[in-house]
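Residues per chain, in single letters:
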Amino acid sequence: MDEELKRLALDIFDKGLILTAGPFEFKLHEKHPDAPRSPIKLNLRFPPKGTLSWELVEQIGKVFYQLSCQSQVQYDCVIGVPKAGDPFAQAFSRLASVPLLTLEKEETKKSRKVLSFLRGEYQQGWRVLIIDDTVVMADSKFEASNAVIANGLVVAGIIILVDWEHRGKDELEKAGFFVLSRFRMSELLHLYLKEGRISPEKYKEVIDYLKAIRVYFGRI
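Residues numbered from 1 in each chain as written. Predicted model: local features only at pLDDT ≥ 70, side-chain atom pairs only at ≥ 80, totals over all residues. Heavy atoms only, no water.

### Observations regarding the sheet that holds strand β8 (residues 179–184)
- What the six strands build is an open sheet, ordered β5-β4-β3-β6-β7-β8; its pairing is mixed. Edge positions in the open sheet fall to β5 (112–119) and β8, since each of these has one partner strand only. Strand-to-strand twist of the sheet, defined as the mean angle between neighbouring strand axes without regard to direction, takes the value 20°.
- Bridge count between strand β4 (residues 100–107) and β5: five bridges; the pairing is antiparallel. Paired with L103 across the strands is L118, a residue of β5.
- Docked against the sheet, helix α5 (residues 139–150) engages β3 (77–80), β4, β5, β6 (127–135) and β7 (154–163), running at close to 165° with respect to β6.
- Here helix α7 (residues 185–194) sits on the sheet and contacts β7 and β8; the angle it forms with β8, its principal contact strand, is near 20°. (Pairing = 2+ DSSP bridges. Helix = DSSP H or I, 4+ residues; strand = E, 2+ residues; numbered from the N terminus. Axes fitted to C-alpha atoms, helices over the stretch in contact; angles between N-to-C directions. Contact = heavy atoms within 4.5 Å.)

Below you can see the structure in the form of structure tokens.
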């Protein structure tokens, strides 16, 4: 991990975007309520739901853009997985000078689902780069991809900031999608332990959780 990425990873923690007072639930718990809960959570949300700032959004947008340039992925427009991916897609759109499209999300007390209604100006057959903050089991990424395809567009690739290593990234790739991620959760944990952000006990607790969730879903 180079110094710029290390600084970003530490900023994410130091600015309160890593919550450590778990247990926490993910979208996967809507269908699997008895699955293991996570001891930590990456909460990339604006106030009052989180402590995300536009300054940090711009930093992360720059990282996404650099990653896309390194991979040489070809795209005509960008879209965020609603709602977490929207601000990063907005920042990416400005940097790449490409159109920004948006999707709608239906949220109830029991479930969250990406809808197929697409906003923005586009042409049939355009290649779309999908952006989101994390990938866990990849349900929302599949929903967003299906919505893009249903509107006559092509998924050029999916860019994620943090791969939780629940094998969601693998499932997307198995389905034929080109997926890029900047950080692995185990990589962040190692950095936070080394830099004194988390205790050895918390590190072991999260590593044990990552193993337990893969066993639960048979993804070992």
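That was the structure; now back to the text.
### Thoughts on the packing of aromatic side chains
- Per the counting criterion, the structure on display carries eight aromatic pairs.
- Taking the centre distance of 5.7 Å and the plane angle of 55° together, the rings of Y75 and F92 count as tilted. Residue Y75 is located in the loop between α3 (54–71) and β3, and its partner F92 is located in helix α4 (residues 86–96); the two are separated by 17 residues in the primary sequence. One exposure class covers both Y75 and F92, and it is buried. (Phe/Tyr/Trp six-rings, centres within 6.5 Å; stacked < 30°, edge-to-face > 60°. Buried < 20%, exposed > 50% of the residue type's maximum accessible area, 1.4 Å probe, protein only.)

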